[in-house]
Amino acid sequence: MSSRELQLIVNADDFGQSDDTVDATIECFEAGALTSASLMPGMPATHRALAFAREHPELGFGVHVNLSADPAERPLSDPELVSCLVREDGTLLSTREVRVKALAGRLVPQQLEREIEAQVRAVLDAGVPVSHVDSHRHLHKFAPVRRAFVSVLPRLGIRRVRAVQDIYLRRPLRSPTYWFGRRWGASIRCAFETTEHFFMPSNTEQPWSDPVAELVCGLGATSLEIGVHPGFAEAWRDRDRIAVVELAGVLRGRVQLVDWRALGGGAGR
């Protein structure tokens, strides 16, 4: 299969987390470097991200479900109703704490479903169609969160969910995802429409546009999502912002740029 047949989704995560991430994401959209973005409900700049999404129905927007603190976020649900996810003060647990609970089977399914539905409905009720769902810190690869997605998303009319990362510039041998990601990804693929592959640069990755462009053009696949975190204030986010614009310039005309709504068919960009 030639690279021209590859469907490429370029998605910005954390849309709405801060004014900085909103400004950078909008800049990347205006540069033609993104095809979609994932909105974070309940964050300081969510209202700006939602306003942009409503003004641009030609673009794809998903929900970036957040189930852990970074550093002190709160759930959209009443904390007493999602007690397995929160500390005594009502703020969300750390990512590590949520991962440990997920692996130990200590996340309450009904509580996960309540919070996931609250976050997705917050975007839908704001007048933004949801093209896909992913999660902050990729927590949906863990079985309890994945099962909650399976319970909640179909009844909200959502059938597309991010895959598990399976492409790397450097092999992260200490990462559980590197070793177990194929199994986790197969479970997502059985329940939802998703891309064949997923890549996200690490926050320590040096300028990555050239090696990723080479990788994409040599990839014998039908679809790939590249996830990025544009920003200005933090060095790693700024690297993503610059690199994704460079990548778009190299790949335009060589792959089919699509958002999540066109995955598997429909018109590209």
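In the block above lies the structure referred to throughout.
Residues numbered from 1 in each chain as written. Predicted model: local features only at pLDDT ≥ 70, side-chain atom pairs only at ≥ 80, totals over all residues. Heavy atoms only, no water.

Caption draft 1: Region of interest: the layout of surface pockets. Empty space within the largest pocket amounts to approximately 1,000 Å³. If you go around the largest pocket, you meet 38 residues; those closest to its centre are Arg99, His138, Gln165, Met200 and Ser202. Of the residues contributing to the lining of the largest pocket, the split by class is 13 nonpolar, 13 polar and 12 charged. In this structure, the second largest pocket encloses a volume near 280 Å³. Residues belonging to the lining of the second largest pocket are distributed by class as follows: five nonpolar, four polar and four charged. (1 Å grid on protein atoms, 1.4 Å probe; cavity = no way out; pocket = protein on both sides within 12 Å on 5 of 7 lines; lining within 4 Å. Points joined across faces, edges and corners; volume = space filled by probe spheres on them. Nonpolar A, V, L, I, M, F, W, Y, C, P; charged D, E, K, R; others polar.)

Caption draft 2: Region of the structure containing the side chain of Ser68. Along the chain, Ser68 turns up in the loop between β3 (60-65) and α3 (95-104). Accessibility expressed as a relative area gives 0% for Ser68, which makes it buried. With sequence-adjacent residues up to four places away left out, Ser68 is seen in contact with Glu73, Leu92, Leu93, Ser94, Thr95, Val98, His136, Arg137 and Leu139. (Helix = DSSP H or I, 4+ residues; strand = E, 2+ residues; numbered from the N terminus. Buried < 20%, exposed > 50% of the residue type's maximum accessible area, 1.4 Å probe, protein only. Contact = heavy atoms within 4.5 Å.)

Caption draft 3: Summary view of the packing of helix α4 (residues 109-125) against helix α5 (residues 143-152). It is at 9 Å that the axes of α4 and α5 come closest, and there the two elements cross at 60°. Judged on the interaxial angle alone, α5 and α4 are oblique. Where α4 crosses over α5, the handedness of that crossing is right-handed. Contact with α4, carried on its side by Leu112, Glu113, Ile116 and Glu117, involves Pro144, Val145, Ala148, Phe149, Ser151 and Val152 of α5 and no other residues of that element. (Axes fitted to C-alpha atoms, helices over the stretch in contact; angles between N-to-C directions. Parallel < 35°, antiparallel > 145°, perpendicular 65-115°, else oblique. Left-handed = near helix turned anticlockwise from the far one by under 90°.)

Caption draft 4: View of the packing of helix α7 (residues 209-217) against helix α8 (residues 235-251). At a closest axis distance of 9 Å, the pairing of α7 and α8 adopts a crossing angle of 40°. Classified by the interaxial angle, the pair formed by α7 and α8 is oblique. As for the relative orientation of α7 and α8, their crossing is right-handed in sense. Of α8, the residues touching α7 (which contributes Ser209, Val212, Ala213, Val216 and Cys217) are Ala243, Glu246, Leu247, Val250 and Leu251. Across the contact of α7 with α8, the residue classes break down as eight nonpolar, one polar and one charged.

Any link to function would need more than the numbers given here.
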